[in-house]
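# Examining the three-dimensional arrangement
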Amino acid sequence: MAFTLPPLPYGYEALEPHIDKLTMQIHHDKHHQAYVDNLNKAIAGTENENKSLEELVKHAGTLSAAIRNNGGGHWNHSFFWEILSPNGGGNPTGSVAKAIDDAFGSFEAMQEKFNAAGAGRFGSGWAWLGNVDGKLTICSTPNQDNPLMDVAECKCQPVLGCDVWEHAYYLKYQNKRADYLKAFWNVVNWKKVNELFEKK
Ligand code: MN
């Protein structure tokens, strides 16, 4: 069964002014759609055709580059839309708030480490906050890899992630990735992040 593009759970303009409408339109309708289309092309008529997205992502290192890149792209963007919200921002809530304090000392210290991971990613990639047996960790992956992949240097179950590809921010922030990362915190859906943390 072919994969399909999930609808954005809010309007294109909903994350303004932190993430602009045109960026969201192009990012969701063009970039994410292309990952879905190219993933479908890569698996069509092969033994991978009926596997779940999670299964493809977890075994990315044994599959083709097209499946690794586009399967990762589809998983990462589907995740990204969900952890953002027009009613987001503020401080973490629920058990993930305590886990952040336990792992990093404070919310601010976690943000600093997460932003450094995103800013320090050379070229394109992602910054992640993830769960390893109830303990939170921060890491970064290149391209469309993610911490679920067998090839990831840092493995964890993501609870928060930020796309630091230029296509995610260039129209509004140009070369200022650090400003985009700072603005990102205003639209983080902590309710969803906490759900993901509690689900493990
Ligand atoms: Mn992207």
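What comes next is a walk through the structure. Counting restarts for each chain: residues are numbered from 1 in the order of the written sequence. The model is predicted, so local features are restricted to residues of pLDDT at least 70 and side-chain atom pairs to those at 80 or more, both for listing and for counting; the totals for chains, interfaces and linings are taken over all residues. Values reported for side chains reflect all heavy atoms of the structure, with hydrogen atoms and water molecules removed beforehand.

## Notes on the state of the cysteines
In plain terms, two cysteine sulfur atoms within 2.5 Å form what is called a disulfide here. Within the structure shown, the criterion is met by 1 disulfide. Between the sulfur atoms of C139 and its disulfide partner C154 the distance amounts to 2.4 Å. When the S-S torsion is 70 degrees, as for the bridge of C139 with C154, the disulfide is right-handed. In this pair, C139 sits in strand β2 (residues 135-142) while C154 sits in the loop between β2 and β3 (157-163), placing the two residues 15 residues apart along the sequence. Exposure class is identical for C139 and C154. Each is buried. The thiol of C156 is not disulfide-bonded; the next cysteine sulfur, from C139, is found 4.3 Å away. Its relative accessible area of 7% is what places C156 among the buried residues. Free of any disulfide, C162 has its nearest neighbouring cysteine sulfur in C139, separated by 13 Å. Using a relative accessible area of 0% as the deciding quantity, one classes C162 as buried. Only DSSP runs of H or I reaching four residues or more are called helices, and only runs of E reaching two or more are called strands; each is numbered from the N terminus. Partly exposed describes any residue whose relative accessible area lies between the buried limit of under 20% and the exposed limit of over 50%, with all areas from a 1.4 Å probe on protein chains only and scaled to the type maximum.

## Digging into the packing of helix α4 (residues 95-104) against helix α8 (residues 190-199)
Working convention: axes come from line fits to C-alpha atoms, limited for helices to the stretch in contact. Angles between N-to-C directions cover 0 to 180 degrees. Put simply, α4 and α8 touch, their axes get as near as 8 Å, and they point 75 degrees apart. Accordingly, the angle class assigned to the pair α4 and α8 is roughly perpendicular. For the pair formed by α4 and α8, the contact residues are S95, V96, A99 and I100 on the first element and W190, V193, N194, F197 and E198 on the second. Throughout this entry, Asp, Glu, Lys and Arg are counted as charged residues, while Ala, Val, Leu, Ile, Met, Phe, Trp, Tyr, Cys and Pro are counted as nonpolar. The remaining residues, Gly among them, count as polar. Taken together, the residues that form the contact of α4 with α8 break down as 6 nonpolar, 2 polar and 1 charged. Every angle not falling under 35 degrees, over 145, or within 65 to 115 is termed oblique; those three ranges are roughly parallel, roughly antiparallel and roughly perpendicular. Only heavy atoms matter for contacts: two residues are in contact if any of them lie within 4.5 Å across the pair.

## Things to note about the coordination of the manganese ion
Protein coordination at the manganese ion: the donors are H27 (NE2), H77 (NE2), D163 (OD) and H167 (NE2), at 1.9 to 2.1 Å from the metal. Donor atoms (N, O, S) are those found within 2.8 Å of the metal centre, with the cutoff raised to 3.2 Å for Na, K and Ca; water is not part of the atom list, so apparent gaps in a site can occur. Spacing between the donor residues of the manganese ion along the chain follows H-x49-H-x85-D-x3-H. In this pair, H77 is assigned in helix α3 (residues 65-82) and D163 in strand β3, connecting sequence segments 86 residues apart. The same class applies to H77 as to D163, namely buried.

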